[in-house]
Amino acid sequence: MAARKSTDPEQAPAATVRTQEYDGGTGWQVGQRAPQDAYRALDAAGTGESTGPVVHQHPGGYARQIVAAGGLVTDGVRRELDAAEAESAED
């Protein structure tokens, strides 16, 4: 005779709930996806220092891409964006 499964809820195995990762959405905060590319020009003196504001299209000449559109905004990206904002506020 075949074994029958119990329909008693107290004898049923506990449900396994899989943890789920949720997308942080789109924006400029850590954990979110960048809505646009972000670049910063590099100085013409050749020191490699960033200069000027964050722009969303390659500024021409030498530039560093901070993050690509759809890329994850990390702590490092956020620091770079904050530094550019602070420099712009000083000018």
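Residues numbered from 1 in each chain as written. Predicted model: local features only at pLDDT ≥ 70, side-chain atom pairs only at ≥ 80, totals over all residues. Heavy atoms only, no water.

When you go through the protein chain residue by residue, the secondary structure sums to one helix and three strands. Secondary structure elements of the protein chain, listed N to C terminal, follow the sequence β-β-β-α. Summed over all atoms, the accessible surface of the protein chain reaches about 7,200 Å², with 50% contributed by carbon and sulfur. (Helix = DSSP H or I, 4+ residues; strand = E, 2+ residues; numbered from the N terminus. Areas by Shrake-Rupley, 256 points an atom, 1.4 Å probe, with all protein chains shown as cover.)

Moving on to the pairing of strand β1 (residues 38–42). The side chains of a regular strand alternate, residue by residue, between the two faces of the sheet. Bridge analysis of β1 against strand β3 (residues 63–67) gives four bridges, and the strand direction is antiparallel. Note on β3: the bridge partner recorded for A41 is A63. The pairing of β1 with strand β2 (residues 50–55) spans three bridges and is antiparallel. Bridging across to β2, L42 finds its partner in S50. (Pairing = 2+ DSSP bridges.)

In this section: the side chain of D43. In this fold, D43 is placed in the loop between β1 and β2. Notably, D43 is buried but unbridged: the nearest opposite-charge side chain belongs to R64, and the N-O separation is 9.4 Å. In this structure the side chain of D43 is engaged in a polar contact, spanning 3.2 Å, whose partner is the backbone nitrogen of G48. In this structure D43 touches G48, E49 and T51, once residues within four positions along its chain are discounted. (Buried < 20%, exposed > 50% of the residue type's maximum accessible area, 1.4 Å probe, protein only. Lys, Arg positive; Asp, Glu negative; His and termini not counted. Salt bridge = Lys/Arg side-chain N within 4 Å of Asp/Glu carboxyl O. Polar contact = N/O pair within 3.5 Å; in protein donor to acceptor, adjacent residues only side chain to side chain. Contact = heavy atoms within 4.5 Å.)

Tallying each qualifying case throughout the model produces three salt bridges. Linking E87 and R40 is a salt bridge whose minimum nitrogen-to-oxygen distance equals 2.6 Å. Of this pair, E87 sits in helix α1 (residues 75–90) while R40 sits in strand β1, and the two are 47 residues apart along the sequence. You can call R40 buried: its relative accessible area is 2%.

The strand order β2-β1-β3 describes an open sheet built from three strands, whose pairing is antiparallel. Looking at the sheet topology across the chains shown, the edges are occupied by β2 and β3. Averaged over all neighbouring strand pairs, the angle between strand axes comes to 25 degrees, with direction disregarded. (Axes fitted to C-alpha atoms, helices over the stretch in contact; angles between N-to-C directions.)

Its location among the elements puts Q29 in the segment before β1. Along the backbone, Q29 and D75 are 46 residues apart, and their C-alpha atoms lie at a distance of 8.9 Å. Among all residues touching Q29, those that are not within four sequence positions of it are V73 and R78.

Coordinates in, geometry out; function isn't part of it.
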